[in-house]
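Reading the structure
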Amino acid sequence: MAKRKAVLAPYHQFNKAQWSALRADEPMTLTREDIARLRTLSDPISLEEAEETYLPLTRLLSFYVEAIQDLHNVSTRFLETPDQKVPFIIGVAGSVAVGKSTTARILQALLQRWPASPKVDLVTTDGFLHPNAELEKRGIMARKGFPESYDRPRFVQFLADIKSGKSSVSVPVYSHLVYDVVPGSEVIIDRPDILIVEGLNILQPGELPKTGKPILFASDFIDFSIYIDAEVDDLETWFMERFFRLRDTAFKDPSSFFRRFAEMNQDEAGEFGRMVWRTINLPNLLDNVLPTRGRADLILKKGKSHLIEDVQLRRV
């Protein structure tokens, strides 16, 4: 009898119940009020969902942080170099409207409440977008959010500075209200224990030079990566739901870049929102974001209800 060919499966697969059981005795340190404050406009996450999904994840992350610290200690002993704190970097990737921001904020809140009270900072890649004036100059304003719309060298340098233990590293500030980088405005990241980086394309490797010259990508600095996944049709639905909620709230602000959309009637606004999804966000998802899913350490798959239905953890 011929031997059956081994199946090379890069991920462990878990349904919701199996994953939730891995929480073990990890205590829940957030309240319903915390969850309501941390979730985004269109993400209906509940306290129960946070317990079932993110407590097992924070328990796993505690093991990863400990392992990376041990590896760093081995390296410093071998090289006989001074020991210094090396931040652990977590990447959160996925499509527009999938709930990356909610995941990042809940993780930050849970990790901050570990017994050791680590310093946990959160950065989004929005601040590394080129200013609108530069995008207009390059003729790529309609490709905002695509890889070429970011100042990738500056982002990689930021991660390198953080990983090297540099103090007071600046990050440009992006305003969703004015839809642009705010000139002269920045936040300072000062040697955190853990840094969470949230963005569309953080797992994208880029092209390797044919000369074989070593170069750095953003993903080289990420110790643990999470991809929030969902079906394309669900993502479009969530994007439109968020668009209409913003139309009734933030878009009405006189200083909002999108003020004119609040003045459209329902049908006009809906037509515009679907055009944005199908001509910008969907092509970016299919061409640039979704192909990076297989590089993530953990994939959280959402169903139509926005709740996590299954989990994939990369084998090590």
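Values in this document were obtained by computation on a predicted structure and should not be read as measured data.

Let us now look at the overall build of the chain. Secondary structure summary: the chain contains nine helices and nine strands in total. Here the chain has a C-alpha radius of gyration of 21 Å; the compact-globule value for 316 residues is 20 Å, and the two agree. With the C-alpha coordinates aligned to their principal axes, the bounding extent of the chain is approximately 65 × 50 × 45 Å. Every one of the 316 residues in the chain was classed for burial, and the buried ones make up 47%.

Looking now at the pairing of strand β7 (residues 224–229). For β7, a buried count of six out of six residues is recorded, marking the element as mostly surrounded by other parts of the structure. Direction of pairing for strand β2 (residues 88–94) relative to β7: parallel, over a ladder of five bridges. When the bridges of β7 are listed, Val92 appears paired with Ile226. By the bridge criterion, four bridges tie β7 to strand β8 (residues 298–302) in an arrangement that is parallel. Of the residues in β8, the one forming a bridge with Ile228 is Leu300.

The strands that make up a sheet are held in pairs by hydrogen bonds between backbone atoms, and each pair lies either parallel or antiparallel. The strand order across the open sheet formed by seven strands is β1-β9-β8-β7-β2-β6-β3, and the pairing between neighbours is mixed. Lying at the two open borders of the sheet, with one neighbouring strand each, are β1 (11–15) and β3 (120–124). The average undirected angle you get between the axes of adjacent strands in this sheet is 20 degrees. Here β3 runs beside strand β6 (residues 194–198); their pairing, made up of five bridges, is parallel. Across the sheet, the residue bridging to Leu122 is Ile196, located in β6.

The rules behind the values
- Residues numbered from 1 in each chain as written.
- Predicted model: local features only at pLDDT ≥ 70, side-chain atom pairs only at ≥ 80, totals over all residues.
- Heavy atoms only, no water.
- Helix = DSSP H or I, 4+ residues; strand = E, 2+ residues; numbered from the N terminus.
- Rg over C-alpha atoms; globule rule 2.2 N^0.38 Å.
- Buried < 20%, exposed > 50% of the residue type's maximum accessible area, 1.4 Å probe, protein only.
- Pairing = 2+ DSSP bridges.
- Axes fitted to C-alpha atoms, helices over the stretch in contact; angles between N-to-C directions.

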